[in-house]
Amino acid sequence: MPGCRKRETGNRRPPTTYRLLVDVRVASALVSLSRALGEVGLSWQLGGSGLLYALGLVDTVRDLDVVFPVDVKESLAGVLREHTGTEPSCTARQEDGFASGFRGRHLWDGVELDMTAGIVLDYGTVVARLPFVGGTEWQFQDESIPLAPLEHWLLIYRFHNPKRSESLEPLVSDEKWRKFVRAVGLPDGFTGLRAAGSGKQRNR
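Residues numbered from 1 in each chain as written. Predicted model: local features only at pLDDT ≥ 70, side-chain atom pairs only at ≥ 80, totals over all residues. Heavy atoms only, no water.

### Describing the pattern of salt bridges
- Taken as a whole and assessed by the stated rule, the structure comprises seven salt bridges.
- With a closest N to O distance of 3.7 Å, Arg 103 and Asp 114 form a salt bridge. With a gap of eleven residues between them, Arg 103 in strand β4 (residues 98–108) and Asp 114 in strand β5 (residues 111–117) connect regions that are remote in the sequence.
- In this structure Arg 103 comes out as buried when scored by relative accessible area, which is 10%.
- Here Arg 105 makes a salt bridge to Glu 112, at a shortest N to O gap of 3.4 Å.
- For Arg 105, a relative accessible area of 39% translates into the label partly exposed.
- Relative accessible area serves as the criterion here: at 31%, Glu 112 is assigned to the partly exposed category.
- A cluster of three or more residues bridged by salt bridges with shared partners is formed by Arg 103, Arg 105, Glu 112 and Asp 114. (Salt bridge = Lys/Arg side-chain N within 4 Å of Asp/Glu carboxyl O. Helix = DSSP H or I, 4+ residues; strand = E, 2+ residues; numbered from the N terminus. Buried < 20%, exposed > 50% of the residue type's maximum accessible area, 1.4 Å probe, protein only.)

Below, the structure written as structure tokens:
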């Protein structure tokens, strides 16, 4: 997405025209979403590939993963209806151990929003419940974009996409990880990897 400061990561190929068009579209949607949510005072956070992009870890964002508190479902639905003119569909969902207070997808300015609240990861013998807590902010164009806590998305990626979690691991210290594990009531030594069922596979 253009208009932000990114960490340099060495020599890269010039972006293609397609890449520029995609980034402009997603960037515009992110800015308009931030303004619309800000106007009504809704709390939210950017996660997923948008979070990784803000950190300079990926080059492309095709959709926006947005996290909300559970109690904003009706207010969020009103914002979506007013901006897009279509009725949103946000329902409780669970798939492959991933549960949520509500979850849904909706098009915002032609970009898909993947909206989630009340994230719960079920490992079978251990359940991780992620509270909605503040992270950091990313100055993008003229907007302050709230970012989801890195520890949360490190856990989410370890749960369903361990390969992608590797890019976040250097940014979360062992101390921060242990503090997070304790704060959400998980056992000492918990890594979030599902191979061992309980997630207690190999220490960091």
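Structure's up, so let's keep going.
### A few points about the packing of helix α4 (residues 150–160) against helix α6 (residues 174–183)
- Relative orientation of the contacting elements α4 and α6 amounts to 80°, with a least axis distance of 10 Å. The orientation of α4 relative to α6 falls into the category roughly perpendicular. Seen from α4, the contacting residues are Glu 151, His 152, Leu 154, Leu 155 and Arg 158; seen from α6, they are Lys 176, Trp 177 and Phe 180.
- Grouping the amino acids of the contact of α4 with α6 by side-chain chemistry returns four nonpolar, one polar and three charged. (Axes fitted to C-alpha atoms, helices over the stretch in contact; angles between N-to-C directions. Parallel < 35°, antiparallel > 145°, perpendicular 65-115°, else oblique. Contact = heavy atoms within 4.5 Å. Nonpolar A, V, L, I, M, F, W, Y, C, P; charged D, E, K, R; others polar.)

### Digging into the packing of aromatic side chains
- Tallied over the entire structure, the rule returns six aromatic pairs.
- Seen in terms of ring centroids, Tyr 123 and Phe 190 are 5.1 Å apart; in terms of plane orientation they differ by 85°. Their pairing is edge-to-face. Note that Tyr 123 is positioned in the loop between β6 (120–122) and β7 (127–129) and Phe 190 in the segment after α6, a separation of 67 residues in sequence.
- Judged by relative accessible area, Tyr 123 falls into the buried class, the value being 7%.
- On the accessibility criterion, Phe 190 (2% relative accessible area) is buried.
- Ring plane angle 40° and centroid distance 4.8 Å describe the contact between Trp 138 and Phe 140, whose orientation is recorded as tilted.
- Given the relative accessible area of 0%, Phe 140 is considered buried.
- Here the aromatic residues Tyr 53, Trp 138 and Phe 140 are joined through ring pairs into a cluster of three or more.
- The positively charged end of Arg 194 is found above the aromatic ring belonging to Phe 159, 4.0 Å away from the centroid. (Phe/Tyr/Trp six-rings, centres within 6.5 Å; stacked < 30°, edge-to-face > 60°. Lys NZ or Arg CZ within 6 Å of the ring centre and 35° of its normal.)

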